[in-house]
Structure formats: C-alpha cells, structure tokens
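Residue-level listing of the chains:
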Amino acid sequence: MLASLALLLGLPLALASEPPTCAPLVPVTFDDATVPRLLGQWTYISGASRYSPHLEELKAVKHAVFSFFPGSHEDELNVTETMRLNETCVVRNNSKIHIFRHNSTLVHVDDQVFSMAELIQSDKDLLILRHFNTTILGLSLSARTPNVSKEHLEEFKAHLHCLGFTEDEVFFTSEKEACPLPGEKTGEGDAEPQLL
C-alpha cells in the first residue's frame, strides 16, 4: 500500500519532467482567403537557422518591419522592408514573394537570391515561416504588432525546441532599434534609411 501511494505521488513529478510532445508544423493550405490575409505591415520578431549565410543575416538584423502589397498577378506580392542592419537603417523595395499554391510554398526573390518557406498554421496576427534550403531548416516569427503575447512567444519557442534549435541559433529583434519608416518624420540625429 505504501509503495503504491509513493508511486501515485511520484507520477506527476515524473510526467512533468518529460519533454513536451512535439506536434508537427502544419503548413497553411493556400486558398483565395490566404493571400489577402498576408497583405499589410508585419514586424519581424525572431528567427533561427543553421544555414551559415542566414545566420549572419539574423545576427545583423536588429529590427525589421516589412509590408506585403499586391503584385502584378494574384500569386505575387511586392515587398517593402525597413530594417536596421547592425547600425545602418536600410529600405528595400525591390523584392517579391511568389506564391505556389500547389505545394503551399512562398519563394522570396531579392536580387537573384531565392529563399523558400512555408507559412505555418497559427494565430491570424502571427506569421510563422518555416524556411528551408535543401535540407537545412530555419524558423521565423513576425507579427502584426511589435509586441507578441507570452503565449504566442511560448508557442514559437516550443516549435524551435522541437526542431532542435539551441539558444545560440535564435536571434530576437528589439523595438528600441527601430528605424523610421519611409515618410515618417525623424527626430534630431536620426538618419533617413538608405534605399537599397
């Protein structure tokens, strides 16, 4: 009797110490309602990668805001990005996102550089992208506002954990590092972003 009581009392402790179960990342299936939901402004919050060129970029991005606008056809989006790369504010407005509905893939084209991603099912105000370059994965989190809830951040961190990312491979941006958006009045000492 005493042994079974000890077993029952110890069971919750043993269950609590087990790692969380990892549900697979479920990509969004693109339909006519998906693309309009992507339009508008997003704030980049965090990213993780094991792909060396992406890691260097993730380290350099201190803050980023980007907007999707309709492109020249229904499966293309124009992108404007305003970001702080290290100490320099940069605006890019020459990239595009191509949408491949048959496999729910997004392809970002920027100066002959291609990157592919899947939009992962989540809250409508979050943009979780699983980036892939052959067999090397990355994950990023963007949101409609610069502040995400604790629950949404924990959801993203759980995805990172399940994919095996370490803290050294995850980079967060800071709202304190924000650049003025094009057309915004800047305070004294703020430089206009460089157009690339």
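As the structure is a prediction and not an experimental result, all values here were calculated from the model.

Now for the environment of V79. Mapped onto the fold, V79 is located in strand β3 (residues 76–85). Given a relative accessible area of 4%, V79 falls into the buried group. Between the C-alpha atoms of V79 and K96, which are 17 residues apart in sequence, the distance is 5.5 Å.

Under the counting rule described, the total for this entry stands at one aromatic pair. The ring of W42 has R144 sitting right over it, with the charged end atom 3.8 Å from the ring centre.

Positive phi values are uncommon outside glycine, yet N86 reaches one of about 55°. As for its placement among the helices and strands, N86 is situated in the loop between β3 and β4 (88–100). Classification of N86 by relative accessible area gives partly exposed; the value is 40%.

This paragraph deals with helix α4 (residues 150–162). Over its 13 residues, α4 extends 18 Å from the first C-alpha to the last, a length consistent with the 18 Å expected when each residue adds 1.5 Å. When α4 is considered as a whole, its buried residues turn out to be F156, H159 and L160. Taken down its axis, α4 places every buried residue within 100° of arc, on the same side. When the buried face of α4 is taken as reference, the exposed residues oriented beyond 90 degrees from it are K150 and E151. In this fold, the buried residues of α4 make contact with β1 (40–49), β7 (126–133), β8 (136–143) and β9 (170–172). Phi for G164, located one or two positions after α4, is positive at around 85°.

What counts, and at which threshold
- Residues numbered from 1 in each chain as written.
- Predicted model: local features only at pLDDT ≥ 70, side-chain atom pairs only at ≥ 80, totals over all residues.
- Heavy atoms only, no water.
- Helix = DSSP H or I, 4+ residues; strand = E, 2+ residues; numbered from the N terminus.
- Buried < 20%, exposed > 50% of the residue type's maximum accessible area, 1.4 Å probe, protein only.
- Phe/Tyr/Trp six-rings, centres within 6.5 Å; stacked < 30°, edge-to-face > 60°.
- Lys NZ or Arg CZ within 6 Å of the ring centre and 35° of its normal.
- Expected span 1.5 Å × (residues − 1).
- Arc of directions from axis to C-beta.
- Contact = heavy atoms within 4.5 Å.

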